[in-house]
Amino acid sequence: MSSLLDMHVYTNNTPGTKDKISFLCETAVEKDIRGVAFTDIVNLDDCDVFDIRRRVRHSFFDISKAKQLFFDSLTVFGGIELRQAVCDPKNAEKIISSQKYDIVLTSISRFNKTEEFDLAPNMSAEAFNAFTERYCDMLLKTVNETDFDVFSRPLAPLRETTADYTFFEESMKVVLDALANREKALEIDTKDILGSERIRDLYLRLITYFKKAGGKYITIGSECISHDELGRGIELTMNAVRRAGFEEITFYDQRTPYAVKHLAYL
């Protein structure tokens, strides 16, 4: 049986994503993927709390049905990606406790609802370092002060710029120290392994640092928004993780981490 696990998948319960969960499950079976975590996005700096909770219930209901329908052919994990949780940690806790999640991802995609990152391909070093300082401070606060299992898509903002990453790399090490100390997982996003060579190399250096800092858990996810992207780059990323010093990958069931040896499948 395949050891492929995609722990970061969106369904049509995430705005901008059209594929229904049943179709994604069928695609996962066709691609010989062993397990999929459905982690629809909830932005905690969104003012419409009623809509947030409605979408949370709807998403989890769809996941629960998929677990039953595909029980014999695919392991389905119920998850959520909480963005901007540090902006409203109390509401984040209410959302997490409202459903029996297997996995909770956390990520940051903007400074707040009215202030996007506003990165540019050729921005100045001064502007990028100013962004880095604010972003990493927000990440560090998220790691230290919110409830989650997996630190997700940390390098996603870099996709928008070609700036020098030196200050960013040093700042991220402080965040990874805190992540290792809390014994939380670092996600490896396959989009960043398959994308820019500079971002991929930075990711691998940070994974290596995370291991040396005492980090225990690594998850892999495609952050896919369509069935075509499901599982893309998982095998390549598994090899990259091994080179960085991790002999195991992790999945979460009922918010408990389980390590899986993956070398036999590479």
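The structure contained in this document is the topic of the report that follows.

About the thresholds
- Residues numbered from 1 in each chain as written.
- Predicted model: local features only at pLDDT ≥ 70, side-chain atom pairs only at ≥ 80, totals over all residues.
- Heavy atoms only, no water.
- Patch = residues over 30% accessible without salt bridge, like charges linked within 9 Å, V, L, I, M, F, W, Y side chains within 5 Å.
- Areas by Shrake-Rupley, 256 points an atom, 1.4 Å probe, with all protein chains shown as cover.
- Salt bridge = Lys/Arg side-chain N within 4 Å of Asp/Glu carboxyl O.
- Lys, Arg positive; Asp, Glu negative; His and termini not counted.
- Charge placed at Lys NZ, Arg CZ, Asp CG, Glu CD.
- Helix = DSSP H or I, 4+ residues; strand = E, 2+ residues; numbered from the N terminus.
- Pairing = 2+ DSSP bridges.
- Axes fitted to C-alpha atoms, helices over the stretch in contact; angles between N-to-C directions.
- Left-handed = near helix turned anticlockwise from the far one by under 90°.
- Contact = heavy atoms within 4.5 Å.
- Expected span 1.5 Å × (residues − 1).
- Polar contact = N/O pair within 3.5 Å; in protein donor to acceptor, adjacent residues only side chain to side chain.

**Describing a positive patch on the surface**
Argument step 1. Taken together, the side chains of Arg53, Arg57, Lys90 and Lys94 present a region of like positive charge at the surface.
Argument step 2. Of all the secondary structure elements, the ones that give two or more residues to the positive patch are α2 (49-69) and α3 (89-98).
Argument step 3. Within the secondary structure, Lys94 sits in helix α3.

**A short note on the pairing of strand β8 (residues 248-253)**
Argument step 1. Here 6 bridges tie β8 to strand β9 (residues 256-261), and the two strands are oriented antiparallel to one another. Looking at β9, one finds that Glu248 is bridged to Lys261.
Argument step 2. Two successive antiparallel strands, β8 and β9, enclose a turn made up of 2 residues, where Gln254 displays a positive phi of approximately 55°.

**Let's talk about the sheet that holds strand β2 (residues 35-43)**
Argument step 1. Within the open sheet, the 7 strands sit side by side as β1-β2-β3-β4-β5-β6-β7. Their pairing is parallel. The open sheet has two edge strands, β1 (5-9) and β7 (218-221), and neither has a second partner.
Argument step 2. As paired strands, β2 and strand β3 (residues 75-83) are joined by 9 bridges and run parallel to one another. Looking at the pairing, Ala37 lines up with Phe77 of β3.

**Looking at the packing of helix α5 (residues 166-181) against helix α7 (residues 197-212)**
Argument step 1. One way to put it is that α5 packs onto α7 with a least axis distance of 10 Å and a crossing angle of 35°. Where α5 crosses over α7, the handedness of that crossing is right-handed. For the pair α5 and α7, the contacting residues are Phe168, Glu169, Met172, Lys173, Leu176, Asp177, Leu179 and Ala180 in the first and Leu202, Arg205, Leu206, Tyr209 and Phe210 in the second.

**Focus on α7**
Argument step 1. With 16 residues, α7 extends 23 Å between its outermost C-alpha atoms, agreeing within 8% with the 22 Å of an ideal straight helix rising 1.5 Å per residue.
Argument step 2. The backbone nitrogen of Arg198 lies 3.2 Å from a side-chain oxygen of the residue at the head of α7, namely Ser196.
Argument step 3. Among the residues trailing α7, Gly214 stands out with phi positive, at a value near 100°.

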